[in-house]
Each structure stands twice: as structure tokens, then as C-alpha cells.
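Descriptive analysis of the structure
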Amino acid sequence: MDKACQIAKEFYEKMSKIPYPSGLEPSELWMGVLKTLHIPTINTSQTASQVCDLVTKKDYYSFPTLNTHHLAGSIIDSYVEWFAQNDAPLSSFDITIQESPYTSPEVMMQYQGRNVSTAFMWHLGMAYRIQTKLPKCNSYLEIGSGYGGLARIVKLLQPDVTYYMLDMDISLYFSYVFVSTNFPEAKCLLVDDAEKINQIDESYDFIFIPTQFIDKLKGLRFDVLVNTQSLSEMTQFAYDRFMDFMQEEIQVRYFYNANRYGPHPDGVNLKGRCNDGIGHDGCVCASALDPHWRVLFWELYSDYNLTNLDPRFMMILEIIVERIPKALRNKDYYAVISKQLFNKAQQRMKFDNLTHYYLWDSIRYCPTPENLTYYIQYLEIKGFQQAEHYKRVLGQVRTQNNE
């Protein structure tokens, strides 16, 4: 067994003996995947190259595309066009910005002398989105970092960044192997003991933190917190716990959230889309934020949405928000904004991307029976599972109002 696999396995075996905090156990969806893919791989893999090959060509964390798939070329073309439309043609990126040499050759494709894959293009798009919509962020915290695909791209684009990964211990096995293999000179910290939290600083390139230590991170500060798809694959309790963690326990300036939101508008039920395989215990709404954020970017249906480029994807809502300082928070002002947004939504007379945004934000600032009922009716007609979340909020509002 090579060094990277040995270090990662020893870390996983040590951490697996420590139970998850109550309620943060993997969801039904993830328990099945861990048993069939992740655990057998850890038990049998001897080399980092073998692990990287498997995790990039099978559905461990992302939705990889074999280069023999009939849609592979057209999906790459869609991403290339998206970058060009956003004034960042692929040729404008340094040639080092390409797919990892440790990625499976079964998903690798060539584009103008650059190795790419659909997962690489997806991660590059998200990293580009964050780095062009926000000022320079020196510290990233990714909840649910998967095999480290996004972390690798961010580090290539910004070598001086400190990238924190908070995930299940079994997932950190894979992200450590992938990241440390791609960056052999990087300074990495595997947090396998609560005392190591005290060693955390921005001299590290990558810091791997298992979910077991979430309660030990209170008070830490991060420039941006990132989540892509995994919040919507958690249990409802776990989602609520991570939102409390982000909004109450640590200090975060920005939040990038890309998670499932509603059925695909074409109405076709394909494998991998919105509700496929989530499980009965999955979170019904992974975009429920408190009012203390300023929205910088919000896209669901428009062509600008990065997540619309692969026709096999479920619909994903992209959000970038900035935390409002405590001194500037005002409940009465929030209520005024909420009313203005609700009025704009009612005036549009159609439910498109902008109407969705107005209603979503109106409710986030100040949920009322009026804006909730209006939105729930539409969500139910269109088959959005998020209607269940807003029904619960409506019940809470009515209880508070003694209705």
C-alpha cells in the first residue's frame, strides 16, 4: 500500500471509531452508496492511482461521464460555450488548468490540447463563478467536499488559498488521497484529534476535518463557505444543524450554495435528476436561509445557470450571498423589503426565474401567510418537493400569529 492510501486509511480507521454527533449520521441515500462503493474501495485499494481512477469514473460523489457516452462531446461543448459567453474562453486559462492526470482515462477528453472531463468543467465553472462574483477569498470551507475535485481547481486558480474540507471521515479518505496525490508538496492537516483544531491556521494548504469535530469549530472565521449538492442529500436534521453551524457558530462572509431545487422543467423523469434516489429521509429544501444575508447571485432557470448545461442533471439552484453584519440587521426593514419583493412577484403574472427569486427572497426576509400561500400553490402545481418545507414554515407562522 502506498503512502497516501496508508495515511488516509489509518485516519479513516481511527475516526470511524468515533460516533457522529447525534443526527449527523449519513442519510439513507449515502448509507447505500458507502456500503457498495466507498468501503469496498478502502478495503481493497493499494495505490493512490487506483483510488483516483475509481473515484473519478464511478458515481462516488459526482455524476461522471464516460467518454464513450453519446452526450459526452455535446456536454463539453455546452460548457465551452458557457465560458465564452462569460468572457472567459477556455483558452484564456493557463494550460495548467486542466483535468488531473490521475483522473480515469475513461472520462478524459481532449479539447484544444487540454485534458477535460464533464466533472472538470463543472468544477471549473463553480470555481470561476465564485472567484469572479466575489473579492479575493483566502480561506474556503467546503461542507461535503467529495473527492476534492473543486478543491483542486480552486487551488490551481489561487495557489495561496487555504482550503478546509468538512465531511464524513470516509469521504475525507478519498479527498485526502486525491488532493495529496495532485499536490505532493502541499502542507496538509488531517484532523484526527480534537486538539489538532488548535493547530489550524492559514499556513496549511488543505485541512481535512471530519464531521465528528463540528462542535469544536465554533468561533472560527472563513471568507467563503461552499456547498454543492450534498446539503440536499442530507437528512433534514443534518441540514438544519449545518445551517445553525454556518449562521450561528462560525463567522462566514460569503456562502456559495448549489443544490437541488424542483423538477426539471421538461417534466421528464431521468436517472440522476431531481428526486432520483434521494431517499425518504432526505432534506426537502436545501436553500432555506435566515434573513441576514444579502443576495449577490440567484439563478434557477436562466441560461446563465451553470447547472443547466448538462441535460442529465437535476435542476439546481445557484446562490451566492453575503452575510449582513449584526449592526445592520433590522427586522422592520426586512419586512419592508419582503413586501416589495412579494408585490413584484405578483405583478409578473408568470412563474419564471425572476418570479421564483422574488418569492423565495420575500419569504426569506419575512415569511407571511400571504407570500407563503402564494408560493406553495405554485410549487405544488409544478411538483416541487420544496413545497413541504414552506408548508412547515406556514404552520409555524400561523402558530406565532395565533391563527
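This write-up is about the structure you can find in this document. What you see is a predicted model, and the numbers here were worked out from it, not measured in a lab. (Residues numbered from 1 in each chain as written. Predicted model: local features only at pLDDT ≥ 70, side-chain atom pairs only at ≥ 80, totals over all residues. Heavy atoms only, no water.)

**Regarding the pairing of strand E6 (residues 206-210)**
Filter applied, for reference: Remark: exposure states derive from per-residue accessible area (1.4 Å probe, protein chains only) relative to the maximum for the residue type, with buried under 20%, exposed over 50%, and partly exposed in between. Segments assigned H or I by DSSP are reported as helices when at least four residues long, segments assigned E as strands when at least two residues long, and all are numbered from the N terminus. By the convention used here, strands pair only if DSSP detects at least 2 bridges between them.
E6 sits mainly inside the fold: 5 of its 5 residues count as buried. Here E6 shows no split at all, with Phe206, Phe208 and Pro210 on one side and Ile207 and Ile209 on the other all buried. Where strand E4 (residues 162-167) and E6 come together, 5 bridges link them in parallel fashion. Counted as the bridge partner of Asp167 is Pro210 from E6. Relative to E6, strand E5 (residues 188-190) runs parallel, the two sharing 3 bridges. Residue pairing for E6: Leu189 is matched across the bridge by Ile207.

**Observations concerning the environment of Lys14**
We apply this condition: Only heavy atoms matter for contacts: two residues are in contact if any of them lie within 4.5 Å across the pair.
With respect to the element layout, Lys14 can be found in helix H1 (residues 3-15). In this structure, the C-alpha to C-alpha distance between Lys14 and Pro105, residues 91 residues apart in sequence, is 33 Å. Excluding anything up to four places from it in sequence, Lys14 contacts Asp192 and Asp193.

**Let's talk about the state of the cysteines**
Heads up, the condition is: Here, two cysteine sulfur atoms that lie within 2.5 Å of each other are counted as a disulfide.
If you walk through the whole model with that rule in mind, you get 0 disulfides. No disulfide involves Cys52; its sulfur sits 8.0 Å from the nearest other cysteine sulfur, which is in Cys5. The thiol of Cys285 is not disulfide-bonded; the next cysteine sulfur, from Cys283, is found 6.5 Å away.

All we've got here are geometric facts, nothing functional implied.
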